[in-house]
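Listed below, chain by chain, are the residues.
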Amino acid sequence: MYTLDLNPDELLTTTRAVRKRLDLERPVAPELIRECLEIATQAPSGSNGQRWHWLVVTDPEKRAKIAEYYRESLHAYFAANEAARGPETDPVQQRVRDSSAYLGDNLGKVPVFVIACITAPSLPSGNQAGLWGSILPAAWNFMLAARARGLGTTWTTLHLKYEREVAELLGVPDEVRQGVLIPVAHTIGTDFKPGPRRDLDNVVHYDKW
């Protein structure tokens, strides 16, 4: 098992949303995905229920169809944002938009999709943190493990606008819900850096808001 020479802090702070630097030509070995999934399932889950399921999608036609749904959802998302806020002027957000648009145009070429799912016959009313807290940490574990192995990922949920259609395409049972779609590919280079973040003083509150 080859892993990059990253200490824990470097791994946690350089696991970026990789879009333009995904290698769309290089295949990903199935054993690499399995290693990452083994690490993913070491994440916590409510009452240790481990109700997660993982769809690994490599079939080109299925990836292409999911990419179509994703692209339609992405364009609707862009349009809604422009209607609400006008054309994007912030340079950081513009780079994110350009990067997202690139992924939308090329998602079907990414060699592997991993869709993290959880058994949930019905969605709870009110706060759903207990449900999603039993799958999303595992998905993040997967992304960290992928980064350590020179694989790039990004967290995507826009396909969920077409969750039922994707479920029918992949044969997902009715009682299973999709949480996140993670495109996976080798990265072009491995020199990722921490991203810009808001100052802690603006987001951390002690004892009261």
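Criteria and thresholds
Residues numbered from 1 in each chain as written. Predicted model: local features only at pLDDT ≥ 70, side-chain atom pairs only at ≥ 80, totals over all residues. Heavy atoms only, no water. Helix = DSSP H or I, 4+ residues; strand = E, 2+ residues; numbered from the N terminus. Rg over C-alpha atoms; globule rule 2.2 N^0.38 Å. Buried < 20%, exposed > 50% of the residue type's maximum accessible area, 1.4 Å probe, protein only. Contact = heavy atoms within 4.5 Å. Lys, Arg positive; Asp, Glu negative; His and termini not counted. Charge placed at Lys NZ, Arg CZ, Asp CG, Glu CD. Pairing = 2+ DSSP bridges. Axes fitted to C-alpha atoms, helices over the stretch in contact; angles between N-to-C directions. Core = buried A, V, L, I, M, F, W, Y, C linked by side-chain atoms within 4.5 Å. Salt bridge = Lys/Arg side-chain N within 4 Å of Asp/Glu carboxyl O. Polar contact = N/O pair within 3.5 Å; in protein donor to acceptor, adjacent residues only side chain to side chain. Patch = residues over 30% accessible without salt bridge, like charges linked within 9 Å, V, L, I, M, F, W, Y side chains within 5 Å. Areas by Shrake-Rupley, 256 points an atom, 1.4 Å probe, with all protein chains shown as cover. Parallel < 35°, antiparallel > 145°, perpendicular 65-115°, else oblique. Left-handed = near helix turned anticlockwise from the far one by under 90°. Nonpolar A, V, L, I, M, F, W, Y, C, P; charged D, E, K, R; others polar. 1 Å grid on protein atoms, 1.4 Å probe; cavity = no way out; pocket = protein on both sides within 12 Å on 5 of 7 lines; lining within 4 Å. Points joined across faces, edges and corners; volume = space filled by probe spheres on them.

Caption draft 1: Inspection of the overall build of the protein at higher detail. A count of helical and extended segments in the protein gives seven helices and four strands. When its helices and strands are written in sequence order, the protein yields α-α-β-α-α-β-α-α-β-α-β. Relative to the compact-globule value of 17 Å for 209 residues, the protein shows a C-alpha radius of gyration of 18 Å, a close match. Dimensions of the protein, computed from the C-alpha atoms along their principal axes, are close to 45 × 40 × 40 Å. The buried share among the 209 residues of the protein stands at 39%. Pairs at least 24 residues apart make up 83% of the contacts formed inside the protein by residues separated by at least 6 positions. The distance from the centre of the 24 positive side-chain charges to the centre of the 26 negative ones in the protein is 2 Å.

Caption draft 2: Layout of the sheet that holds strand 4 (residues 176–186). In space, the four strands of this open sheet follow the order 1-2-4-3, with antiparallel pairing throughout. Edge positions in the sheet fall to strand 1 (52–57) and strand 3 (151–153), since each has one partner strand and no second. Mean inter-strand twist for the sheet, computed between neighbouring axes without regard to direction, equals 30°. Bridge count between strand 3 and strand 4: three bridges; the pairing is antiparallel. When the sheet's bridge partners are listed, T153 is paired in strand 4 with V184. Its contacts with the sheet place helix 2 (residues 30–40) against strand 1, strand 2 (112–119), strand 3 and strand 4, and it is angled at close to 165° to strand 1.

Caption draft 3: A look at the nonpolar core. In terms of nonpolar packing, the biggest core is built from 27 residues, with I33, W54, V114, F142, I182 and V184 touching the most fellow members. For this core, the secondary-structure elements that each account for two or more residues are helix 2, strand 1, strand 2, helix 5 (129–132), helix 6 (136–148) and strand 4. Ranked by residue count, the leading element in this core is helix 6, at six residues. In terms of nonpolar packing, the next biggest core, distinct from the first, is built from 24 residues, L74, I115, A167 and L170 among them.

Caption draft 4: Representation of the side chain of R63 in the model. Here R63 lies in helix 3 (residues 60–85). Summary of buried charges: R63 has no salt-bridge partner, and the nearest side chain of opposite charge, D59, is 7.0 Å away. Engagement of the side chain of R63 in a polar contact is seen with the backbone oxygen of G108, the distance being 2.8 Å. Apart from the residues lying within four places of it in its own chain, the contact partners of R63 are V57, T58, G108, K109, V110, P111, V112 and F113.

Caption draft 5: Expanded view of a nonpolar patch on the surface. A contiguous nonpolar surface patch, about 420 Å² in accessible area, is contributed by L200, V203, V204 and Y206. Position of V204 among the secondary structure elements: in the segment after strand 4.

Caption draft 6: Representation of the packing of helix 2 against helix 6 within the structure. Two numbers describe how helix 2 lies on helix 6: the axes approach to 8 Å, and their chain directions differ by 135°. Taken together, the axis directions place helix 2 and helix 6 in an arrangement best described as oblique. Helix-helix and strand crossings are classified by hand; for helix 2 and helix 6 the assignment is right-handed. Along its contact with helix 2, which presents I33, C36, L37, I39 and A40, the element helix 6 presents A138, N141, F142, A145 and A146. Across the contact of helix 2 with helix 6, the residue classes tally to nine nonpolar, one polar and no charged.

Caption draft 7: Representation of empty space enclosed by the protein. Evaluation of the coordinates by the stated rule reveals one cavity of 30 Å³ or more. For the largest cavity, the calculated volume is near 50 Å³. Lining the largest cavity are T15, R16, V18, M143, A146, R147, L151, G152, T153, T187 and F192. Among the elements of the structure, helix 6 and strand 3 are those that each provide at least two residues to the lining of the largest cavity. When the residues that make up the lining of the largest cavity are grouped by side-chain class, the tally is five nonpolar, four polar and two charged.

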